[in-house]
Structure formats: structure tokens, C-alpha cells
Amino acid sequence: MSHAVVRTALERALEEMGAPSTEVHLERPRDPAHGDVATNVAMTLASILRKPPREIAEELVRRISEGEPGIERVEVAGPGFLNFHLSTDRVTAGLREVLELDESFGKGTAGEGRPVVVEFVSANPTGPLHLGHGRQAALGDTISALLEWNGWEAYREFYYNDAGRQIELLARSVQARYLEHFGRDASVPEDGYHGVFVIELARAFAETAGDRYLEDSPEGLAEMRRFAVDRIRKEQDRDLSDFGVHFDEYYLETSLYDEGRVDRTIERLRETGLVYEHEGALWLRTTEYGDQKDRVMVKSDGSPTYFLPDVAYHLTKWERGFQDAINVQGADHHGTVDRVRAGLRALGLPAGYPEYVLHQMVTVEREGKEVKFSKRAGSYITLRELVEEVGADVTRYFFLMRKPEAHLVFDLDMALDQSDKNPVYKVQYAHARICSIFRKAGLDWEDVDPEAADLTLLETEQERELAKKLTEFPELIARAGAHRAPHLVCEYLEQTAGQVNSWYHAGNPTRNPQLAVLVDDTELRRARLALASAIRVVLRNGLRLLGLNAPVRMEKESD
RNA sequence: GCGCCCGUAGCUCAGCUGGAUAGAGCAUCGGCCUUCUAAGCCGAGGGUCCCAGGUUCGAGUCCUGGCGGGCGCGCCA
């Protein structure tokens, strides 16, 4: 790539000067006037060489500017920066690579094909998914995609807590509504589930089971539990599927008990010598590994706490061959991180396993005020309600556009706006506009032969900047993947779309026919079509990575 | 009280391994409509980067101490 030219030139010049070998840091200057590539080596070497940075910089310039191919000129600027201006062919040559690689442009190999399990959503089957789950679904799915783009083998996993007390409460809640359905006196437990969906569940259950469970019985409750969990799981699956999220595996907590993994985990922990009894309960000395306090594994009544199956579950990840595991969870669960890791370390797993991406909560605002309405769940807005109102693409993008650890304000007014003010539409429009140029020209993008185009004709500043932006895409994907940061992709797409839209509009034939893609000059037209085609590739790849559509044309929704 | 996260323009937020004059969108203001689609375009104003120290050629970024907000600190899940 273009940076390589500069790097080799710099390294050679430094060697000639007898400078100690250092990491040469190259960066893309924000201001185009500062050239295409810049470096601060002269400044970092100043103290080592005991020379003023500008003096070092000037010597480097003397050694480099002597006819280095691809480098048009080098300048010293500011306190000692070196600014490289590349020749246009060096800047635009990258476009050929974009077109050749097409759907795989942006892919990297950092993961070397290694497997990584990404756990996310992991909602209890006790009600409809809320917005926190939605954010998590978008994050987990996209982080998985980012890892795949960087050469990992991502495995999307959903852990079902189908064994605990919450399930019992759900069953009790359904039972109460069931009795009410038949006109009996009953009330939902105080800490039970009060949403409308419980009434729906009870009614549906009454329709299939009839009135034969009006007497309180273990069998009846078990039937209701099974029925409710099954229904809710199906509903959650449908909501996630409509949101474009699919899992490779649903791991059931009950299976940990059924397969004896929980008991085996206790045994293995006992062998570490970190287990002790206190006031009738069984504890693990997690403080040994940095936890705030020791944790109870088995309560004095003989039942395990949540901690134990959690450790057993994460142990299976390691045993299933995942040396890398990422958990996407709400930040309200961060208290469990240290203890789970401590439990795993006691069993010999490495520190820091698994890795966590903790995200903050979501609030929805309309006209600057928070809205909390919900028809079905009562106290919270469901994912489905939001998706039905603004669409899956907009919902996904909005959940991804902020870094996970920051609180997210979902602006409904902006989400419902179908103009370029809405970042999602802005990016999709940019893509559709480029596609429309090809329609207008009566061409398919496949018809564009990058080899036949003279890309040095793309010499306006706007086109050079655009070409640079497009060729930065792979680097961006690498960084976003390494940081587990989908929001960087959103930011990149929005910036790129802005540049694209402005390039497109500048070439409006009624205003500046000479700047239009479809100019009369055949050679220039060919070059611009190649650029347009490269734009299409990058925008589409970015949108797909985020799990959004890349529409060829935009249909206005009239309502 | 202890731990984690956040604090950047009126609002919502970016800001890479510490770099040049701190950026974007929304909102506001000014100018543009017979289109490679004006649900748009061009331009402008707007800043104590929470505060105080420190590290160094250089700090929004790193360190220490405060302040403000969120979350977590059960033999709950």
C-alpha cells in the first residue's frame, strides 16, 4: 500500500544517517494540506540523537527527496513533522485492489483461522427481549462478524438460564393468570411477572390444557413452566431472527446439571484446596485471584448458587477448544466478572478468560424526553416494538453507533427520519446513488474494467481524498476488530458516505457537468466509474458487515 | 465506604500507539431547487476537552487526588 513506500524510504534514510532503529510511526494527517502520509520520527529521535527535531527532519528530506518513486515531495512542517505528498497514481492505485477483491476487500488474517466463541443475549426465558438485549444482539453479532472479517472462526452462542428461580416465578405468575382466566381468585406473586404477555401465555395454555389444573399441583405447575418457557423461547428466537441475528448454539443451563458438569466442577475445585466450609455453606477462595471477597458455591440448604453453573459453563467453552472467548453482557453484570474468572483460574485456565465486552443501558427519547411505554411487557420497551416502529436496519445501526461502554440514547425522531439526517439513510443513500449512476449509464458495475482505466486522472482533491478513504477500509476493519468496536465502522461509513454524497452532488450535471461521473470525456468517465465502483464495494461491504442492507435504490415509505 | 464505567460545542457523540489550528451529526443562522433522485447541496457561528496537580519537546489521550453521573457490591438470578 501507499504507506509502504514511505516506510521503506524512511527506514533506508534513517539507516544511512546511522540512527538507532526505532518504530517508525506513520499517520494519515487530518488536513489534506499536510500531505498524504506524515511521520513524527524526527521528534521521537530528537532526544536520542541530541539534535533539534527540525534539523533531523531536514536531513531526512535531503536523503529522501532524491527521486524516490511514488513520492512527489516531502516537507518539514510544524515542530518537526515530515509530510509526504504522494503521486496520484500511488494514491489511486489502491482502487484496483478494491475492485479485484470485491466482496473480500477489507478482510484480514489476524485470527489465523482460530475459533472464538462469542456469547451474547443469554436472556432468561421469562419474557420478551428488551432493548438491552437488542443492543447486545447487535453488538455480539457484529463483533462476531468483525472477528470473521479478521480471520477468526466465530461461534455465536446463547446461554439459556432455564434452571433457576426466575423460571419458577414465571410459572407461578402464569398459574395465577390461568386461575384468573377461569374466574378464580389468584394473584401474581409480588416479585413475579406482571406484564400482559403473562396473561397471553395463561390464555394460550388454558386453550390447550383446559381447566384441569385448577388445583395446585406439581404436575400442573411443571406443565405451565414447560409451556411458558417453550413459548417465550420461540418468541425470542423469532424476534432475534427478524433482527437478523442467528446463533450457532443455544446452550442450556439444565444440561450442565443433566450431564453432571456442576458436580464435577465442585470436585475439581475441591482438589485445588481453595474450597472451605463456613456456616454450613461451601465457599471458594476467589480472593486468591483478585476477587473482592470469597464466594459461596453451595448454599447451606445444599443448592448451588448461580456462580457454580457459571464456572461449569465457561469451563465447557475452554474444553470445547475455544482458547478465546468473548462475553457480551450488560454492565450491570460486571460484578460477576472477577468471580467467574477467579473460579476458572483456580481450575488452571489463563487469567483474563473469558474476555468481556460490557455495555451500558439504552434509553429511548422522543422530542428530547424519555419514553418508557410498553404494550406487552409493562415496565420496559421490547425489542420487537422498536424494530416494528423504525425498522431492523435503523435499530441495528443505532445500537452499534456508540461505543459499548457508553450509555446509549436512542433518538426516535432521528430514527424515524428518512432523510440524510439519519445516518443509516445517509449511508444507504450514498450506496444507492452510486448504483443509480450505473443504471443511468446503462452499465453493470461488472462492466468497469479497472485495468483499462487511467486512475491518475482522478486528480481533484475530493477524488484523491475519497480514494484514500476507501483504501483505508481494511486497516479500519483490523482496528475495529482488535478493539471489539463496531462503532468505529459506523463512524467510518458515515464519514465516507458524507464524502461520497458531496462528490456526487458536486458533479450534478446541471451545476458542474465537468465534475460528473458521466462526463463526455471517455477516459475520465472510465476513471470515475472505477472510483464509483470502488465506493460501491466499500459501502456495501461495510453495511453487510454491520448486518444491514445495501439497497440498490431507495424506496420512499409513504405514510 | 469499596470496585467498574462515563464526563469533549446548546443536544447526541467520535477522537488510533501521546502529535500540527480538538472533529462529526442534530439544532441554529445565511445562501442555493426544472437533479448522474432536492427525503438534497454549499457556507457560517458555536469549546474552561469536569477541576487541580504531575510526567515531557508535546496531554482530550498517560499518572495521582478531587468533583459530578450511572452501575455493582446477598447463602438473589
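For clarity, every value in this text was computed on a predicted model and none was experimentally measured. (Residues numbered from 1 in each chain as written. Chains lettered and ligands numbered in written order. Predicted model: local features only at pLDDT ≥ 70, side-chain atom pairs only at ≥ 80, totals over all residues. Heavy atoms only, no water.)

Section: the sheet that holds strand 1 (residues 26–27)
Next up, step 1: A sheet is described by the order of its strands in space; here four strands give the open sequence 1-2-4-3, paired in antiparallel fashion. Only two strands of the sheet have a single partner each, and these edge strands are strand 1 and strand 3 (71–77).
Next up, step 2: Pairing of strand 2 (residues 37–39) with strand 4 (residues 81–86) involves three bridges; the strand directions are antiparallel. Paired with Val37 across the bridge in strand 4 is Phe84.
Next up, step 3: Packed onto the sheet, helix 3 (residues 53–64) meets strand 3 and strand 4 and runs at close to 165° relative to strand 3. (Pairing = 2+ DSSP bridges. Helix = DSSP H or I, 4+ residues; strand = E, 2+ residues; numbered from the N terminus. Contact = heavy atoms within 4.5 Å. Axes fitted to C-alpha atoms, helices over the stretch in contact; angles between N-to-C directions.)

Considerations on the domain arrangement of chain A
Next up, step 1: Here chain A is partitioned into domain 1 (2–86), domain 2 (121–258 + 360–416) and domain 3 (423–545).
Next up, step 2: For domain 1 and domain 3, the distance between their C-alpha centres works out to 30 Å.
Next up, step 3: When domain 1 packs against domain 3, close to 530 Å² is buried across both sides, 28% of that on carbon and sulfur atoms.
Next up, step 4: For the domain 1 face of the interface with domain 3, the top three residues by lost area are Arg28, Pro32 and Asp36, together amounting to 83%.
Next up, step 5: The tally of links from domain 1 across to domain 3 stands at four salt bridges.
Next up, step 6: For Lys468, the salt bridge goes to Asp36, with nearest N and O atoms at 2.8 Å.
Next up, step 7: Where domain 1 packs against domain 3, one counts five residue pairs in polar contact (both at pLDDT 80 or more).
Next up, step 8: By residue class, the composition of the side of domain 1 that touches domain 3 is two nonpolar, one polar and two charged. (Domains from an automatic or database assignment. Buried area = accessible area lost by both parts, 1.4 Å probe. Salt bridge = Lys/Arg side-chain N within 4 Å of Asp/Glu carboxyl O. Polar contact = N/O pair within 3.5 Å; in protein donor to acceptor, adjacent residues only side chain to side chain. Nonpolar A, V, L, I, M, F, W, Y, C, P; charged D, E, K, R; others polar.)

Points about the pairing of strand 13 (residues 362–366)
Next up, step 1: Note that strand 13 and strand 15 (residues 408–411) share four bridges and pair parallel. For Thr363, the partnering residue across the bridge sits in strand 15 and is Val409.
Next up, step 2: Hairpin geometry of strand 13 and strand 14 (residues 369–371) is characterised by an intervening segment of two residues between the two adjacent antiparallel strands and by a positive phi of about 50° at Glu367.

Structural notes on the packing of aromatic side chains
Next up, step 1: Counted by the stated rule, this structure contains 21 aromatic pairs.
Next up, step 2: The interplanar angle of 25° and the centroid separation of 6.1 Å between the aromatic rings of Phe105 and Phe473 together place this pair among those described as stacked. Placement of Phe105 in the loop between helix 5 (94–101) and strand 5 (115–119) and of Phe473 in helix 19 (residues 473–482) is noted, with a sequence separation of 368 residues between them.
Next up, step 3: Accessibility expressed as a relative area gives 0% for Phe473, which makes it buried.
Next up, step 4: Here the aromatic residues Phe120, Phe158, Tyr160, Phe247 and Tyr250 are joined through ring pairs into a cluster of three or more.
Next up, step 5: A cation over an aromatic ring shows up here: Lys107 above the ring of Trp149, its NZ or CZ 5.1 Å from the ring centre. (Phe/Tyr/Trp six-rings, centres within 6.5 Å; stacked < 30°, edge-to-face > 60°. Buried < 20%, exposed > 50% of the residue type's maximum accessible area, 1.4 Å probe, protein only. Lys NZ or Arg CZ within 6 Å of the ring centre and 35° of its normal.)

Observations concerning the protein's contact with RNA strand B
Next up, step 1: In the vicinity of RNA strand B lie 67 residues, with Phe81, Ser419, Tyr429, Glu491 and Pro509 positioned nearest.
Next up, step 2: When atoms of RNA strand B within 4 Å of the protein are sorted by moiety, sugar and phosphate together comprise 64%.
Next up, step 3: Between a phosphate oxygen of RNA strand B and a side-chain N or O atom of Ser419, the distance comes to 3.1 Å.
Next up, step 4: Within the contact set of RNA strand B, a sugar or linking oxygen lies 2.2 Å away from a side-chain nitrogen or oxygen of Glu491. (Near = heavy atom within 4 Å.)

Observations regarding the sheet that holds strand 14
Next up, step 1: In space, the three strands of this open sheet follow the order 14-13-15, with mixed pairing throughout. This sheet does not close on itself; its edge strands, each paired only once, are strand 14 and strand 15. Between one strand axis and the next, the sheet turns through 45° on average, direction left out of account.
Next up, step 2: Seen against the sheet, helix 15 (residues 392–400) touches strand 13 and strand 15 and runs at an angle of roughly 150° to strand 15.

A word on the packing of helix 20 (residues 486–506) against helix 21 (residues 522–545)
Next up, step 1: Where helix 20 contacts helix 21, the two axes come as close as 10 Å, and the packing angle between them is 155°. By the angle between their axes, helix 20 is roughly antiparallel relative to helix 21. In terms of crossing hand, the pair formed by helix 20 and helix 21 is left-handed. Contacts from Val489, Tyr492, Leu493, Thr496, Val500 and Trp503 in helix 20 reach Arg528, Leu531, Ala532, Ile535, Val538, Leu539, Gly542 and Leu543 in helix 21.
Next up, step 2: When grouped by side-chain class, the residues that make up the contact of helix 20 with helix 21 number 11 nonpolar, two polar and one charged. (Parallel < 35°, antiparallel > 145°, perpendicular 65-115°, else oblique. Left-handed = near helix turned anticlockwise from the far one by under 90°.)

Regarding helix 15
Next up, step 1: The element helix 15 is extensively covered by neighbouring structure, given that eight of its nine residues are classed as buried.
Next up, step 2: All of the buried residues in helix 15 are Asp393, Val394, Thr395, Arg396, Tyr397, Phe398, Phe399 and Leu400.

As for the nonpolar core
Next up, step 1: Formed by 116 residues in total, the largest nonpolar core has its most connected members in Leu10, Phe399 and Phe410.
Next up, step 2: Among the elements that make up this core, the one with the highest residue count is helix 21 (12 residues).
Next up, step 3: Formed by 29 residues, the second largest nonpolar core is a distinct cluster that contains Tyr159, Tyr251, Met297 and Leu347. (Core = buried A, V, L, I, M, F, W, Y, C linked by side-chain atoms within 4.5 Å.)

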